[in-house]
Structure formats: C-alpha cells, structure tokens
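# Architecture and fold: a report
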Amino acid sequence: MNYARVIGCGGYLPERVMPNSELEDLVDTSDDWIRTRTGIRQRHIAREDETTSEMACNAALGAIDMAGIEAGSIDLIIVATSTPDLIYPSTACLLQKRLGIRNGAAAFDVQAVCSGFIYALSIADQFIRSGTMRRALVIGADMNSRILDWTDRTTCVLFGDGAGAVILGRSDEPGIYKTLLHADGSYSEHLQVPSGVSNPTADPYIRMHGNEVFRFAVQAMDEIVDETLADTGFTRKDINWLVPHQANLRIISATVKKLGMSMDDVILTVAEHGNTSAASIPLALNTGVRDGRIRQGDTLFMEAVGGGFTWGSALIRY
Ligand code: COA
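Residues numbered from 1 in each chain as written. Predicted model: local features only at pLDDT ≥ 70, side-chain atom pairs only at ≥ 80, totals over all residues. Heavy atoms only, no water.

Before going further, it helps to spend a moment on the packing of aromatic side chains. Counting across every chain of the model gives 5 aromatic pairs. Within the aromatic cluster, the residues linked to one another by ring pairs are Tyr 187, Phe 216, Phe 309 and Trp 311. (Phe/Tyr/Trp six-rings, centres within 6.5 Å; stacked < 30°, edge-to-face > 60°.)

Right, here's the structure in full:
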C-alpha cells in the first residue's frame, strides 16, 4: 500500500518585523488590545519587490535540503495561495522555474484561503496514494500585506506574510492517515477581497465580519476533531501535537480544550507571525520540527478554517 509521508519541511519569513507598536501609529489600536484579543505580538512584512513565488522558493529550498533530495526528483508541485504573483501562470509554475525543475512535473495553485495548505496536502496525498506521483512539493505562501487596508484596524492588525513548505515522499507506512476538506460558499461575504478579474474596480482589500468568522471557526474546529478521528483507530490521547492554523489564540484555545490537550501540546507561532493564511500550518510545522519538539513518529493533528468558508484537517504521523 502507498502512503504519503513528510520527508522534509521548510519555512520563510520576510526580514522586516512589524511589532504591534508600529500599528499604533497607523490606526486607533493598542498593543494590549491586539495581544488580548488575538495573541499576536508581531508579524513579518515582505519587501516591496518581493513576490509570493520568491517566498515559496525560499521555503522550498529548506524542505528540499532537509529531505536530502534533488529538486529534479519532484513530480508534483502545489502552491496554496490567495496572493499569487500573477493572474497566470500559476505561482507553482513560477516556483518551478525558480527551482530549475524541467522534468515535466505537474504544477498548479490551490485557492482555499487559510485552509489552502490542508487542501494542497490532501490533493498531493491522493496522487501519492494512488501511485500516480512519487514525490510532491506542497507549499502554503501568502503575502497578505498587499491586500490589507492599512487604515482598517479590524483587519490590518491580524495578518502577516510568509511561506511554508513540505516534501511528501511515497512510503509503505503512513504518513498521512487521513485528511478532511469542507467548504460552504454561502458564508462567502464574511471574509473576502471583493475585487477580482470580473470586478476589477471593486474594493481590493480583505474585508471581514470578525465575530461571524470567530463563531464559525470555533464551531467548525470543534466538530472536525471527532470527524477526523472517526474510523482511524486513534483517540485524542494519541495526538502528540496540535499544529493548527494560526489566526487567533482564542480559536486555538477552544480546539485545545476540545482535544483535552494542554497549550504545551500546541505548536504556536501566532504571536510572532500573525495570520499568514495558507503559510501558517507549514510554518508552524517547520518551527516545531526544527526546534526539536516534533520528532519522527509523533502524531500530529492539523486543522484550519478560512475564507469561503473553507475548512479541513489532517491526521499525520511525522
Ligand atoms: N484595536 C482596537 N479596537 C478594535 C480593533 C483594533 N485593532 N479592532 C476592532 N476594535 C474594536 C471594535 O471596533 C469594537 O469597538 P466598539 O465596541 O466600540 O464597536 C471592539 O473593538 C470590539 O470589537 P469586536 O469585533 O467585537 O472584537 P472581538 O473580541 O470579536 O475581536 C477579532 C475581534 C477580529 C479579533 C475577532 O472577532 C476574531 O479574531 N475573529 C476571527 C478573525 C479571524 O481569525 N480571521 C481569519 C480567519 S482565517
């Protein structure tokens, strides 16, 4: 039987750090308000000339190096992003060019906002399980700073930029046990960037009904715990680490409670990274692996909710 297994991970954060105190100069907010309501202390902001594919490439190089593979052995590249470099070609194709991969590997983007990495991971898992592909590069990369209204205090304090990457290899043993993907487009107006190709003159910034997103996220993340564990033979006690989407500490705390875990069992990056959308889970994974907390054989539970609404989870043996 084929399984997909994480054989390397990497992360990239732009050099520039923006602490909450800097936002106090831009909008009517305070470090205390931001910390108390969200857990965020700072975020990283990309250079003006930086691109999503460049951030993705930096994260990919770290993952390729950890996996100890040649980039040319990758046969599938999926980039989860809501902030692509161009309308087309896809950021995945631009990343393929940056990495110099010329073996005909499939490359495409996935757009599921903050759940994008879980979507991309699940898609790659299906290809590897089916035997169609052997080795996948799965990335979450977002440059939220470009779509933030820096005069809107209800959104600009929440987000940051970054990229995270994993290499999935084919293995006889799991690996990825199970992924779940969900969406309900009837909630689309609660978290959106109104402008687009069909509507180029509309508002180009993230607009959000924070309370509705919060309520939905807490409930969806609560329900997905049991749904994910069902029929796997795993119980909550078998989970070593929660590696959640990092939007808000209070949403994460609610999931921790549901899992009967302690905050010490969570890889938390929200304080330092803010919400990096599709990048947040692979960045958290990379943090936990590189600081030695996540070890080979550990069982990880990943979950995310994002615009759409989309939501999903992954149960993984690292
Ligand atoms: N600084 C100071 N005050 C702020 C503020 C800011 N950055 N943003 C909002 N406020 C104000 C509001 O205007 C409101 O003032 P009012 O009572 O005078 O009207 C007050 O703070 C409370 O606002 P409210 O929206 O009820 O706060 P909250 O406790 O719900 O926290 C969020 C707001 C955005 C932090 C919270 O709703 C949240 O985290 N939602 C989910 C967001 C998310 O995760 N999105 C991404 C999903 S992938």
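Here the narrative resumes.
What follows is about the packing of helix 3 (residues 52-67) against helix 4 (residues 91-99). Think of two packed helices as two axes; the pair is described by the angle between the axes and how far apart they sit. In the contact formed by helix 3 and helix 4, the axes pass within 9 Å of each other and the chain directions differ by 55 degrees. Classified by the interaxial angle, the pair formed by helix 3 and helix 4 is oblique. Pair helix 3 / helix 4 crosses with right-handed handedness. For the pair helix 3 and helix 4, contact is made by Thr 52, Ser 53, Glu 54, Ala 56, Cys 57, Ala 60, Leu 61 and Ile 64 and by Thr 91, Leu 94, Leu 95, Arg 98 and Leu 99, respectively. Here the contact of helix 3 with helix 4 is built from residues that sort into 8 nonpolar, 3 polar and 2 charged. (Axes fitted to C-alpha atoms, helices over the stretch in contact; angles between N-to-C directions. Helix = DSSP H or I, 4+ residues; strand = E, 2+ residues; numbered from the N terminus. Parallel < 35°, antiparallel > 145°, perpendicular 65-115°, else oblique. Left-handed = near helix turned anticlockwise from the far one by under 90°. Contact = heavy atoms within 4.5 Å. Nonpolar A, V, L, I, M, F, W, Y, C, P; charged D, E, K, R; others polar.)

Within this structure, the stated rule accounts for 0 disulfides. The thiol of Cys 9 is not disulfide-bonded; the next cysteine sulfur, from Cys 57, is found 16 Å away. Here Cys 156 stays free of any disulfide, with the sulfur of Cys 114 as its closest cysteine sulfur at 16 Å. (Disulfide = S-S within 2.5 Å.)

Approximately 840 Å³ is the volume found for the largest pocket. Lining the largest pocket are 32 residues, with Ser 82, Thr 83, Pro 84, Gln 111 and Ile 147 sitting closest to its centre. Contributions of two or more residues to the lining of the largest pocket are made by strand 6 (135-143) and strand 9 (191-192). Here the lining of the largest pocket is composed, by residue class, of 13 nonpolar, 14 polar and 5 charged. (1 Å grid on protein atoms, 1.4 Å probe; cavity = no way out; pocket = protein on both sides within 12 Å on 5 of 7 lines; lining within 4 Å. Points joined across faces, edges and corners; volume = space filled by probe spheres on them.)

What follows deals with the site of the ligand. Thr 29, Arg 37, Arg 153, Asn 211 and Asn 248 are the nearest of the 21 residues found near the ligand. Taking Trp 33, its side chain carries an N or O atom lying 3.4 Å from a nitrogen atom of the ligand. Burial of the ligand by the protein amounts to 73% of the accessible area it has alone, namely 950 Å². Within the residue set of the shell around the ligand, elements represented by two or more residues are helix 2 (31-38), helix 6 (210-229) and helix 7 (249-259). Sort the elements by how many residues they give to the shell around the ligand and helix 6 lands first, with 4 residues. Across the shell around the ligand, the residue classes tally to 9 nonpolar, 8 polar and 4 charged. (Near = heavy atom within 4 Å. Polar contact = N/O pair within 3.5 Å; in protein donor to acceptor, adjacent residues only side chain to side chain. Areas by Shrake-Rupley, 256 points an atom, 1.4 Å probe, with all protein chains shown as cover.)

That is the geometry; function is a separate question.
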